Amino acid sequence: AVGQALKALELDPDNEKIKLILGWSLQRRGTTEDVLRAEQVFRSVVDEGDYRASLGLATALERQGVANAEASEAVGSGKRITESSDPAQRAQELQERSVALWTESEQWFEHTLEIHKSNLDALNGLMRVEALLGKPHASLARSKQMLEELAIDRGFWEQLLKRVQGEREEKEIRERIALNENLEVATRMHAARTQYGLGRKDEAMNELDTGIGLAPDRADLHALRALVQRDLGNWDKAIADAERFIALSPQGYDSADVKKAFDLISACEAERSRKP
C-alpha cells in the first residue's frame with residue numbers, strides 16, 4: 001500500500017486522499033521511522049478539514065510519546081546506553097518530550113471530535129492519552145463517553161441484524177458487533193484500572209464484573225479482580241479469580257505475573273486461616 005501510494009503521488013503530488021492512504025499505511029506498518037513519516041504526511045493535509053488527518057496525526061504523536069517514555073525509562077534504569085554525559089538528564093529530556101507529544105496528541109484528538117462528533121477512535125485515543133498525561137478523572141469521563149457511544153452503536157447494528165437477509169451481510173454485521181463488544185471490554189478494563197488506582201474499589205469491581213460477563217475467558221480481567229477482591233477482604237473470591245487467571249494465562253509458571261498470582265493465593269489463604 002505504501003509503495004502504490006508513493007507511485008500515485010508521483011503522478012498527482014497534491015492528492016489529499018492518496019496522502020491519507022499513505023499516512024495510515026505508514027502508521028499501520030508501524031516502525032519508528034514509519035510513524036515519523038506518517039506524522040509529516042498528516043501534517044501536510046491536516047488543515048484540509050478531513051477528520052482522518054487529525055486522527056492520524058493524533059495517533060502518530062501518541063505513539064511517539066510512548067516510544068519516548070519507554071526510552072526515558074530504559075536510559076534512566078541503565079538498560080539503554082546513551083551518548084549523553086548525564087544519563088539522568090537525558091532520561092528527563094525524553095520524559096518531557098513524551099509529555100509534549102501527548103499534549104499535542106490530546107489537542108488533535110479533540111479537534112477530530114469537533115469535526116466528527118462521537119468518533120470512537122478519537123474518544124478511545126483521548127481516554128488513553130489523558131491517562132498517560134496523569135489525568136485519571138478526565139480519562140474516566142472519556143471511558144464513560146465511550147461506553148455510551150458503544151451502546152448506541154451496538155443497538156444500531158443489532159437492529160440492522162434483525163432486518164438483514166443475505167448471509168454475507170449477516171456475517172459482516174456480526175463481526176462488527178463482536179468488534180464493538182471487544183472495545184467495550186477493553187474500555188471497562190481501562191476504567192477498572194483507573195478506578196482502582198484512585199482507590200475506588202467498588203466502582204472498579206462493577207466494571208470488572210460487567211467485563212467478565214462479556215469476556216469470561218479474558219485473563220487480565222480476572223487478575224485485576226483478584227486484587228480488588230483481596231483488598232476488599234473477599235479471600236475466597238480473590239483466590240478463585242487468581243486461580244482462574246493462572247488457568248487462562250498464556251504465560252508460563254515462571255512468569256512474573258503468574259508468580260504474583262500464586263503469591264496472592266498464598267496471602268489470601270493465610271488471611272482466611274486467621275478468621276475465627
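Structural data are supplied above this passage.
Remember, it's a predicted structure, so these values are computed and weren't measured experimentally.

Colleague: Mind showing me how you'd approach the side chain of serine 72 here?
Modeller: The residue serine 72 is located in helix α4 (residues 51-77) in this model. Residues in contact with serine 72, not counting those within four places in the same chain, are Ala91, Leu94 and Gln95.

Colleague: Looking at this structure, how should I read the packing of aromatic side chains?
Modeller: Two measures describe an aromatic ring pair: the distance that separates the ring centres and the angle between the ring planes. Scanning the entire structure with this criterion turns up three aromatic pairs. Considering the side-chain rings of phenylalanine 156 and tryptophan 157, the 5.1 Å spacing of their centres and the 75 degrees angle between planes classify their relative orientation as edge-to-face. Classification of phenylalanine 156 by relative accessible area gives partly exposed; the value is 47%. Between tyrosine 253 and phenylalanine 262, the ring centres sit 5.8 Å apart and the planes meet at 80 degrees, which makes this aromatic pair edge-to-face. Relative accessible area serves as the criterion here: at 37%, phenylalanine 262 is assigned to the partly exposed category.

Colleague: I keep staring at the side chain of lysine 19 and nothing clicks. Help me out?
Modeller: In this structure, lysine 19 sits in helix α2 (residues 16-29). Among buried charged residues, lysine 19 stands out as having no salt bridge; its nearest opposite-charge side chain is aspartate 14, 4.6 Å away. Beyond its immediate chain neighbours, meaning those up to four positions away, lysine 19 contacts Leu9, Pro13, Asp14, Val41, Ser44 and Val45.

Colleague: I keep staring at the nonpolar core and nothing clicks. Help me out?
Modeller: Generally speaking, a soluble globular protein has its nonpolar side chains buried in company with each other. By size, the foremost hydrophobic cluster in this structure holds 32 residues, and its most contacted members are Leu22, Leu26, Phe42, Leu57, Trp108 and Phe109. Mapped onto this core, the elements with two or more residues apiece are α1 (2-11), α2, α3 (32-45), α4, α5 (87-115), α6 (120-132) and α7 (136-163). Among the elements that line this core, the one with the most residues is α4, at six residues. Counting 13 residues, the second-largest nonpolar core is a separate cluster that includes Ala226, Trp235, Leu264 and Ile265.

Colleague: I tried to follow helix α11 (residues 235-248) on my own but got confused; where do I start?
Modeller: Residue pairs three or four apart in sequence face the same way in an α-helix, which turns once every 3.6 residues. In this model, α11 (14 residues) spans 20 Å end to end at C-alpha, consistent with the 20 Å of a helix rising 1.5 Å per residue. The complete set of buried residues in α11 reads Trp235, Ala238, Ile239, Asp241, Ala242, Phe245 and Ile246. Viewed along the axis of α11, the buried residues span an arc of 165 degrees, placing them on a single side of the element. Exposed residues on α11 whose side chains face more than 90 degrees from its buried face are Lys237 and Ala247.

Colleague: Please clarify how α4 should be interpreted in this entry.
Modeller: Helix length check: α4 (27 residues) gives 39 Å between terminal C-alpha atoms against 39 Å at 1.5 Å per residue, within 8%. Trailing α4 by a residue or two, glycine 78 shows a phi angle of about 85 degrees, which is positive.

Colleague: It is not clear to me how the packing of α2 against α4 should be interpreted in this structure. Could you clarify?
Modeller: In helix packing, the relevant descriptors are the interaxial angle and the interaxial distance, both defined with respect to the helix axes. Their axes nearest at 10 Å, the elements α2 and α4 cross at an angle of 25 degrees. In terms of orientation, α2 lies roughly parallel with respect to α4. Like other packed secondary-structure pairs, α2 and α4 cross with a definite hand, here left-handed. Contacts between α2 and α4 pair Leu20, Trp24 and Gln27 from the former with Arg52, Ala53, Leu55, Gly56, Thr59, Ala60 and Arg63 from the latter. Residue composition of the contact of α2 with α4, grouped by class: five nonpolar, three polar and two charged.

Each value, and the rule that gives it
Counting of residues starts from 1 at the beginning of each chain's written sequence and follows it residue by residue. The predicted origin of the model limits local features to residues at a pLDDT of at least 70 and limits the giving and counting of side-chain atom pairs to 80 or more, whereas totals for whole chains, interfaces and linings rest on all residues. To obtain the side-chain values, all non-hydrogen atoms of the structure were included, while hydrogens and water were left out. Numbered from the N terminus, helices here are DSSP runs of H or I no shorter than four residues, and strands are runs of E no shorter than two. Contacts were defined at the residue level, with two residues in contact if any of their heavy atoms lie within 4.5 Å. Paired rings are identified among Phe, Tyr and Trp, the last through its six-membered ring, by centres lying within 6.5 Å, and are further divided according to the angle between planes into stacked (under 30 degrees), edge-to-face (over 60) and tilted (the rest). Whether a residue is buried, partly exposed or exposed follows from its accessible area with a 1.4 Å probe, protein chains only, as a fraction of its type maximum: under 20%, in between, or over 50%, in that order. Positive charges come from Lys and Arg alone, negative charges from Asp and Glu alone, with His and the N- and C-terminal ends not counted. Salt bridge, as applied in this entry: a Lys or Arg side-chain nitrogen positioned within 4 Å of an Asp or Glu carboxyl oxygen. Side-chain atoms within 4.5 Å are what join buried Ala, Val, Leu, Ile, Met, Phe, Trp, Tyr and Cys residues into a set we call a nonpolar core. Expected helix span is taken as 1.5 Å per residue step, with the number of steps being one fewer than the number of residues. Our arc is simply the arc of the directions from the helix axis toward the C-beta atoms. Lines fitted to C-alpha atoms define the axes here, with helix axes fitted over just the stretch in contact, and angles between the N-to-C directions of these axes take values from 0 to 180 degrees. Reported orientations rely on four angle classes, namely roughly parallel under 35 degrees, roughly antiparallel over 145, roughly perpendicular from 65 to 115, and oblique for the rest. Left-handed is the label given to a crossing in which the near helix is rotated counterclockwise from the far helix by less than a right angle, and right-handed is the label when the rotation is clockwise. Think of it as three bins: nonpolar holds Ala, Val, Leu, Ile, Met, Phe, Trp, Tyr, Cys and Pro, charged holds Asp, Glu, Lys and Arg, and polar takes everything else, Gly as well.

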